[in-house]
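# Understanding the architecture of this molecule
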There are 2 protein chains.
Amino acid sequence: MSQGDDGRRICPEPPRRRSGDCERLDGWGFADSGFRIHANGTVELSGDRYDLAGAELPDLLPWVSRTIGVPLDPHEVNPSQYPPAVPEPRENPAFLGELRKFLPDDALCDDPENRLRHGHGHTQEEIYAIKHGRLARIPDLVVYPNGVEQIEALVAAALRHGACLIPYGGGTNVTQALLCPADEERIIASVNMSRMNRVLWIDPENRMACIEAGAVGREIVEILEQHGFTMGHEPDSIEFSTLGGWIATHASGMKKNRYGNIEDLVLDVCAVTVDGLMTRSSVSPRESVGVDLRRWLYGSEGNLGIVTHATVKLFPLPEVQHYESVVFRSFEEGFAFLYELAQQGAPPASVRLVDNLQFQFSRALKPSSVGLKRLMGRFEKFYVTRVKGFDPDEMVACTLLFEGSRVEVAAQEAALFRIARKHGGLRAGAENGKRGYELTFAIAYIRDFMMDHYLLAESFETSVSWSQALALCENVKRRIREEHAARSLPGVPFISCRVTQLYDTGVCVYFYFAYYYEGIDRPSEVFTEMERAARDEVLSSGGSLSHHDGIGKLREEFLPEIMSAPMLEWSRRIKNAVDPQNVFGSANHGVGGVKPRR
Amino acid sequence: MSQGDDGRRICPEPPRRRSGDCERLDGWGFADSGFRIHANGTVELSGDRYDLAGAELPDLLPWVSRTIGVPLDPHEVNPSQYPPAVPEPRENPAFLGELRKFLPDDALCDDPENRLRHGHGHTQEEIYAIKHGRLARIPDLVVYPNGVEQIEALVAAALRHGACLIPYGGGTNVTQALLCPADEERIIASVNMSRMNRVLWIDPENRMACIEAGAVGREIVEILEQHGFTMGHEPDSIEFSTLGGWIATHASGMKKNRYGNIEDLVLDVCAVTVDGLMTRSSVSPRESVGVDLRRWLYGSEGNLGIVTHATVKLFPLPEVQHYESVVFRSFEEGFAFLYELAQQGAPPASVRLVDNLQFQFSRALKPSSVGLKRLMGRFEKFYVTRVKGFDPDEMVACTLLFEGSRVEVAAQEAALFRIARKHGGLRAGAENGKRGYELTFAIAYIRDFMMDHYLLAESFETSVSWSQALALCENVKRRIREEHAARSLPGVPFISCRVTQLYDTGVCVYFYFAYYYEGIDRPSEVFTEMERAARDEVLSSGGSLSHHDGIGKLREEFLPEIMSAPMLEWSRRIKNAVDPQNVFGSANHGVGGVKPRR
């Protein structure tokens, strides 16, 4: 990917992995962070990585209990049985023998817990399975290639010796993309990309960087910042997910209004397929050179080849970064505000509208404040509810992040608050905005914690046109309640949504769903049935199968409902044409999967 | 592509074809428009479609003569021999018989001149061939389907009876995409999409429109404007090119800074492949549903299937539309201005920088002005050259088009002129800006006119990073002069460039090349050799093979220089997988073509 004038380029040092940055094997996130419960029933997030960490959260359990209509007893725990028994690794001595020719010993690992970790992502079903069940099939081997040549040799070896390869980035997917096909007879090697984690070069003049596929979001951010740049891509998983994963899942970032989604940021992609290294002689700002094969890797989810590195756009660090928040009387008023904001054409970097339940949830996550802060909190609440007459059980909040030059941000703010006022919005301040924005990272830990307390929870997302969005939200919530009632499950389900992305023609909607499962048989499967029903409702309400999570094995059954038969036939033909041996056998049935509906 | 709430949709009337809108068969454009020469040597553009039309252009021939170093004698003409002899149509009675079952008689045409027109685009080689040579192979039949069902039946018939199909939109391509493979033994049916030219619906709330592939740019503009919207896509060929053609060639519009290129505007594409109709259940603002097969049609150039209709984004008509222009002392100063303009992040809808030769060219195209206007023209010139010390043989011009709200445009203008001043730019007014912008449409007619006066001319484009752009322009100009000299051709070549698009990481550069060919053997082939040398120079200077024109048959020989062998192998595999019989046989060797270098 030579740009000719390498002289102007900067080649940064490789990222320094901090000793403390150890990730847990039995759930989400860093090993030093996680929610725990005190004898007095207050909850605390351990570690010191997040604003929430270390503070006592007295309101969380009581609020959850009220919300789900079931009193949560802190002492009533469903203890994790991790690690589960794992299947014995399959052998393929010829394959292994060839790998040893070009891979050092420490690049090959068959440790059971490590193999297990490479065999799942973070869906409710997968986490429940490793804590309370088992995985029928996991990788037999984990390999750690270091460079394009080793990946080319790896793919050649897999071809020669009939092995199956499944690339592994951050392992953060929520689509069961990493779940191994149970009927896979071949040896499965998980290709861990963590040794290809370098920013190879930064081109300040043309504002581009070439980055290896295994580079982790938080490290990309750190290195680019040292040189005054940002890629601007900030998915919720940025702490752990990788550039290669972003491309393979067609990822979206929270600040896409300013920086764009992954397809807007990536200028060139290199990948190793069964035919070898797909690469180009130069990186163009934009071109028309026939069907662009590089674009075929977006959303390929590891089924067509292994992304090795990519060239991305860079942006100078913003002059101003400013959080804000606005509260509205109702979700409908907040949504009307979003629509007008999008129509006038310059929304800030991030705009997210949470419904009333999530608004209450974020309040329940407030640490026990004291003194003036507590007083202010009460005063704020008094002002908003009593003076302004907002109903605590109806009102919603919108968190905002502005990035850009002082002039840009000032103009965006002026326009935005004018529109907000028009829709009855009240400014709720920068602190609430920042808190709401960053809560995303802490909330990711709650699901695993709640699971131990008989609550199964999961998020799912979709994209939908403006005119259909409100009805879709209502339909999905209604359907979940119906499905929950039809099974006479205890209490009431937790179902909440937020709008996380604005587009010219519609929005991305993110749902949280949880239910209390004590005494329920096969609780994870029951959850899956209800989530599937919700997905049905999403599709019949005009929503997409996924906005950014992808398909994996979780949603492939729905593909026939959104794509015509000829389009699915194309998937099969193309997968068979470019990977006839199904070396990249994760999906096991065509690009994105085309299994008949369960 | 149901959006669920069809109630809100508008279904416009079909476009009214004006009787006068007849297109010429032997060259570019409308039959009523074309340059002609008067006995006194002045030149005039006929018709009344363009600002330039009707006015006497006294300076054109003298300036061209000076520039190419050859005195052009108005009476020395190389008369067009159009129409050339055309090959007899190949027969396939079984295929024809089946077509007659579902197509009316007037949907089938074997008129020789019509078949000829469907067998070429507008490269210099093709126009020279129809005027002074012949085409070895042209379509044997032209079919005019009206609706998706007829296209499905057409493709099925072609499959059954071994016919070759080549879709035809506006016939404006400059890549020889429509040129029939000389060795094609099967019957070739050109699929003219002009009967599928409707805007099927407009969704004002979600700002989307569903438009048939055969809809012509100028008619799309007219219909959308009637409802207060624009698609914002304005390629130089907008008078004649079609939505289907824009998608198949991965087109770029002059106003992409505000509205984006075709890939940014199209939300959904439907196409008929050999497997049938590729369609989706809904149109999402953005999604992640595996590899997006719809994206594979961008740049497919008719080789994978026939685009039938697409859903595109709409924008409200801009509150303000304002032309401007700035002159700079040199191309380098103008380019430095462009770079800073792009870096500060909000360039106007269109920004184009022409070099000194094109600046002189546009002045040579000025009508003979009288009275005050002439005086002003002289005064302007005096002020710029004498007072400000601009060198008429060095200075360059930048044309600007601002679109948006009053506030947006005001902010863009303030920022832009501040940067322009910093780089020594002088405001040259709205009139010059508008003229420069619209000259594009008139200039398209000059090439055919000059051809009759022993000048062969062609444009070619590329995209390149900021840091390589200036060197690329210099290298290409030098190379053309060297190639011209090496062949001891008469006079000097006309070689000029302009920057037509700005991107974060680089620009699109557009070249004009012409040479005097009287007394030259095989002048068109000689031109081709020199253009090929220029393309070599573009690639070795870091430029792309094409920014928006595409590959066709003109550039396929260069693909092995820009794509690795595995990527080309993918092309072959995928083409063979999705069109094993090569029904869409225009390229005749894989997606985008992979023939070895000539």
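Nothing here was measured: the structure is a model prediction, and the numbers come from that model. (Residues numbered from 1 in each chain as written. Chains lettered and ligands numbered in written order. Predicted model: local features only at pLDDT ≥ 70, side-chain atom pairs only at ≥ 80, totals over all residues. Heavy atoms only, no water.)

### Considerations on the overall build of chain A
- Within chain A, the regular secondary structure consists of 19 helices and 21 strands.
- Its C-alpha atoms give chain A a radius of gyration of 24 Å, near enough to 25 Å, the size a compact globule of 598 residues would have.
- In terms of principal-axis extent, the alpha carbons of chain A reach across some 75 × 60 × 50 Å.
- Residues counted as buried form 65% of the 598 residues belonging to chain A.
- Sequence-distant contacts, at least 24 apart, represent 77% of the contacts inside chain A between residues at least 6 apart.
- As displayed, chain A offers around 21100 Å² of accessible surface, 52% of which is attributable to carbon and sulfur atoms. (Helix = DSSP H or I, 4+ residues; strand = E, 2+ residues; numbered from the N terminus. Rg over C-alpha atoms; globule rule 2.2 N^0.38 Å. Buried < 20%, exposed > 50% of the residue type's maximum accessible area, 1.4 Å probe, protein only. Contact = heavy atoms within 4.5 Å. Areas by Shrake-Rupley, 256 points an atom, 1.4 Å probe, with all protein chains shown as cover.)

### Quick word on the packing of helix H10 (residues 331-344) of chain B against helix H16 (residues 466-486) of chain B
Residues and elements named next belong to chain B.
- Two elements in contact, H10 and H16, have axes separated by 11 Å at closest approach and are oriented at 160 degrees. By the angle between their axes, H10 is roughly antiparallel relative to H16. In this structure, H10 meets H16 at a crossing whose hand is right-handed. Along the contact surface, H10 presents Phe331, Glu332, Phe335, Leu338, Tyr339 and Ala342, while H16 presents Trp466, Ala469, Leu470 and Cys473.
- Class assignment for the residues of the contact of H10 with H16 results in nine nonpolar, no polar and one charged. (Axes fitted to C-alpha atoms, helices over the stretch in contact; angles between N-to-C directions. Parallel < 35°, antiparallel > 145°, perpendicular 65-115°, else oblique. Left-handed = near helix turned anticlockwise from the far one by under 90°. Nonpolar A, V, L, I, M, F, W, Y, C, P; charged D, E, K, R; others polar.)

### Concerning the pattern of salt bridges
- Applying the stated criterion across every chain, the model contains 86 salt bridges over all chains.
- Among the ionic pairs, Glu222(B) bridges to Arg18(B), the shortest N-O distance being 3.0 Å. Residue Glu222(B) is found in helix H6 (residues 217-226), and its partner Arg18(B) is found in the segment before strand S1 (35-37); the two are separated by 204 residues along the sequence.
- The class of Glu222(B) is partly exposed, set by a relative accessible area of 27%.
- Through salt bridges with shared partners, one network takes in Arg478(A), Arg479(A), Glu482(A), Glu483(A), Arg487(A), Glu529(A) and Glu537(A). (Salt bridge = Lys/Arg side-chain N within 4 Å of Asp/Glu carboxyl O.)

### Details of a negative patch on the surface
Residue and element names in this part refer to chain A.
- On the surface, a cluster of negative charge is made up of Glu332, Glu333, Asp391, Asp393, Glu394 and Glu474.
- Relative to the helices and strands, glutamate 333 is located in helix H10 (residues 331-344).
- Glutamate 333 sits in the partly exposed class, given a relative accessible area of 31%. (Patch = residues over 30% accessible without salt bridge, like charges linked within 9 Å, V, L, I, M, F, W, Y side chains within 5 Å. Lys, Arg positive; Asp, Glu negative; His and termini not counted. Charge placed at Lys NZ, Arg CZ, Asp CG, Glu CD.)

### Some words on the confidence of the model for chain A
- Within chain A, residue pLDDT values average 93, and 95% of them lie at 70 or more.
- Confidence over residues 590-598 of chain A falls short of pLDDT 50; this stretch has 30 contacts with residues more than four positions distant or in other chains. (pLDDT = per-residue confidence, 0-100.)

### Thoughts on the packing of helix H2 (residues 93-102) of chain B against helix H5 (residues 148-161) of chain B
Residues and elements named next belong to chain B.
- Following both chains from N to C, one finds H2 and H5 inclined at 160 degrees, their axes separated by 9 Å at the closest point. Considered as vectors, H2 and H5 are oriented roughly antiparallel to each other. Where H2 crosses over H5, the handedness of that crossing is right-handed. Taking contact as the criterion, the partners of Ala94, Phe95, Glu98, Leu99 and Phe102 in H2 are, on H5, Gln150, Ala153, Leu154, Ala157, Ala158, Arg160 and His161.
- Split into classes, the residues belonging to the contact of H2 with H5 amount to eight nonpolar, two polar and two charged.

### A look at the nonpolar core
All names here are of chain A.
- In this structure, Phe95, Leu165, Leu243 and Ile247 are the most contacted members of the largest nonpolar core, which totals 155 residues.
- In terms of residue count, strand S21 (residues 506-516) provides more of this core than any other element does, nine residues in total.
- Residues in contact with phenylalanine 95, not counting those within four places in the same chain, are Leu141, Leu154, Ala157, Ala158, His161, Ala163, Leu165, Ile187 and Ala189. (Core = buried A, V, L, I, M, F, W, Y, C linked by side-chain atoms within 4.5 Å.)

### Overview of unusual backbone geometry
- In this model, Tyr82(A) is joined to Pro83(A) through a cis peptide bond whose omega is -5 degrees.
- Along the chain, Pro83(A) turns up in the loop between helix H1 (60-68) and helix H2 (93-102).
- Phi angles above zero are rare outside glycine, and Glu301(A) is one such case at about 50 degrees.
- Locating Glu301(A) in the fold gives a position in the loop between strand S12 (276-278) and strand S13 (306-313).
- Of note in the backbone geometry, Arg522(B) takes a positive phi value of approximately 50 degrees without being a glycine.
- If you trace the backbone, Arg522(B) turns up in the loop between strand S21 (506-516) and helix H17 (523-540).

### Digging into the interface of chain B and chain A
- In this complex, chain B contributes 83 residues to the contact, which on the side of chain A involves 83 residues.
- Taken together, the links from chain B to chain A amount to six salt bridges.
- Between Asp504(B) and Lys313(A) there is a salt bridge, with its nearest N and O atoms 2.8 Å apart.
- Our count for the contact surface shared by chain B and chain A stands at 44 residue pairs in polar contact (both at pLDDT 80 or more).
- Taken together, the residues that form the side of chain B that touches chain A break down as 33 nonpolar, 33 polar and 17 charged. (Polar contact = N/O pair within 3.5 Å; in protein donor to acceptor, adjacent residues only side chain to side chain.)

### Observations concerning the sheet that holds strand S2 (residues 43-45) of chain B
Residue and element names in this part refer to chain B.
- Strand order in the open sheet formed by three strands is S1-S2-S3, and the pairing between neighbours is antiparallel. This sheet does not close on itself; its edge strands, each paired only once, are S1 and strand S3 (56-57).
- Here S1 runs beside S2; their pairing, made up of three bridges, is antiparallel. Residue isoleucine 37 lies in a different strand from S2, and its bridge partner there is valine 43. (Pairing = 2+ DSSP bridges.)

### With respect to the environment of Gly133(B)
- Position of Gly133(B) relative to the elements: it lies in the loop between helix H4 (124-132) and strand S5 (141-143).
- C-alpha separation for the pair Gly133(B) and Pro84(B), spaced 49 residues apart in sequence, amounts to 6.6 Å.

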